[in-house]
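Each chain is listed here by its residues.
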Amino acid sequence: MSDMQPQQNEGRKSDGWLEPGPTNVQIIYILYLVGFVIGISTLVGIVLAYLNRGKATGWVETHYTWAIRTFWIGLLFGFVSALLMVIGIGFLLMIAVAIWAVVRCVIGLQAVGRNEPIKNPQSWLI
């Protein structure tokens, strides 16, 4: 019995999708898109973005900034659209916000696929 050594807890190893990098950024963008169907996935995406921001290197860091700004600016635009629904224009603005968010996610996914940075990650539009 003395030959048996206690097993050390090595922790869980992920496939790399939780670690900062291109795969993680792709997951975040996909979670944002799935958020149109399952709202909670957007919150998971923003948490992942905040957890890995500052840990990534090079061009990947621009994607975390882009993803975080997409969430917060989209939330702001969505809130303003909801307020303007009282006068009717909010419905059109909400559709525009949804299109804006999808376009930003697609731009991000395409850039990650080409291993390129986001050209202007601080942008409010596209």
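Basis of the calculations
- Starting from 1, residues in each chain are numbered consecutively following that chain's sequence as written.
- Only residues with pLDDT of 70 or above have their local features reported here, since the model is predicted, and side-chain atom pairs are shown and tallied only from 80 upward, although totals for entire chains, interfaces and linings are computed over all residues.
- Side-chain metrics rest on all non-hydrogen atoms present in the structure, leaving aside hydrogens and water.
- Among buried residues, those of type Ala, Val, Leu, Ile, Met, Phe, Trp, Tyr and Cys that are joined through side-chain atoms within 4.5 Å constitute a nonpolar core.
- Note on exposure labels: buried denotes an accessible area under 20% of the residue type's maximum, exposed denotes more than 50%, and partly exposed covers the range between, all computed with a 1.4 Å probe on protein chains only.
- Comment: elements are numbered from the N terminus, with helices defined as DSSP H or I runs of at least four residues and strands as E runs of at least two.
- Two residues form a contact once any of their heavy atoms are found within 4.5 Å.
- Each patch is built from residues that are more than 30% exposed by relative accessible area and take part in no salt bridge. Like charges join if they lie within 9 Å; nonpolar side chains (Val, Leu, Ile, Met, Phe, Trp, Tyr) join within 5 Å.
- Throughout, the Shrake-Rupley method with a 1.4 Å probe supplies accessible areas, and for residues the shown protein chains are the sole cover considered.
- Between Lys or Arg on one side and Asp or Glu on the other, a salt bridge is scored when a side-chain nitrogen of the former is within 4 Å of a carboxyl oxygen of the latter.
- For helices, the fitted axis covers only the stretch in contact; all axes are lines through C-alpha atoms, and the angles between them, taken along N-to-C directions, range from 0 to 180 degrees.
- The cut-offs work like this: below 35 degrees is roughly parallel, past 145 is roughly antiparallel, 65 to 115 is roughly perpendicular, and the gaps in between are oblique.
- Crossings are sorted by hand: turned counterclockwise from the far helix by less than a right angle, the near helix makes the crossing left-handed, and turned clockwise it makes it right-handed.
- Classification used: nonpolar for Ala, Val, Leu, Ile, Met, Phe, Trp, Tyr, Cys and Pro, charged for Asp, Glu, Lys and Arg, polar for all others including Gly.
- In this analysis, the expected span of each helix is defined as 1.5 Å times one less than the number of residues it contains.

Asker: So what's going on with the nonpolar core? Residues and values would help.
Answerer: Counting 19 residues, the largest nonpolar core has Val25, Ile28, Tyr29, Tyr32 and Tyr64 as its most contacted members. For this core, the elements supplying multiple residues, two or more each, are helix 1 (22-34), helix 2 (40-52), helix 3 (60-84) and helix 4 (89-113). Counting residues per element, this core draws most heavily on helix 3, at six residues. Not counting the four nearest positions on each side in its chain, Tyr64 is found in contact with Glu19, Pro20, Gly21, Asn24, Val25, Ile28, Ala49, Asn52, Arg53 and Ala56.

Asker: How would you summarise a nonpolar patch on the surface if you had to cite specific residues and measurements?
Answerer: Side chains of Ile30, Val34, Phe36, Val37, Ile38, Ile40, Leu43, Val44, Val102 and Val106 sit close together on the surface and give an oily, nonpolar patch of about 860 Å² of accessible area. Of all the secondary-structure elements, those providing two or more residues to the nonpolar patch are helix 1, helix 2 and helix 4. Tallying contributions element by element places helix 2 first for the nonpolar patch, with three residues. Considering the arrangement of structural elements, one finds Val44 in helix 2.

Asker: Before we move on, can you summarise unusual backbone geometry with the specific residues and values?
Answerer: Its identity as a non-glycine residue notwithstanding, Asn115 has a phi of 55°, on the positive side. Residue placement: Asn115 occurs in the segment after helix 4.

Asker: Kindly report on the pattern of salt bridges, identifying the contributing residues and their values.
Answerer: Working definition: two side chains of opposite charge can pair if their charged atoms are close together. Summed over the entire model, instances satisfying the criterion amount to one salt bridge. Put simply, Arg114 and Glu116 hold a salt bridge, and the shortest N to O gap is 3.1 Å. By relative accessible area, which is 47% here, Arg114 ends up partly exposed. Using a relative accessible area of 28% as the deciding quantity, one classes Glu116 as partly exposed.

Asker: Break down the packing of helix 1 against helix 4 for me, with residues and values.
Answerer: Where helix 1 meets helix 4, the closest approach of the two axes is 10 Å, and the angle between their N-to-C directions is 160°. As the angle between them shows, helix 1 and helix 4 are arranged roughly antiparallel. Every pair of crossing elements has a handedness; the one defined by helix 1 and helix 4 is left-handed. Listed contacts from helix 4 to Pro22, Val25, Gln26, Tyr29, Ile30, Tyr32 and Leu33 of helix 1 are Val102, Cys105, Gly108, Leu109, Val112 and Gly113. A breakdown of the residues in the contact of helix 1 with helix 4 according to their chemical character gives ten nonpolar, three polar and no charged.

Asker: I'd like a rundown of helix 4, residues and numbers included.
Answerer: Relative to the 36 Å expected for 25 residues at 1.5 Å per residue, helix 4 spans 36 Å between its end C-alpha atoms, a close match to the ideal helical length. Residues of helix 4 that are buried sit in contact with helix 1 and helix 3. Of the residues flanking the end of helix 4, it is Asn115, one or two places downstream, whose phi is positive at about 55°.

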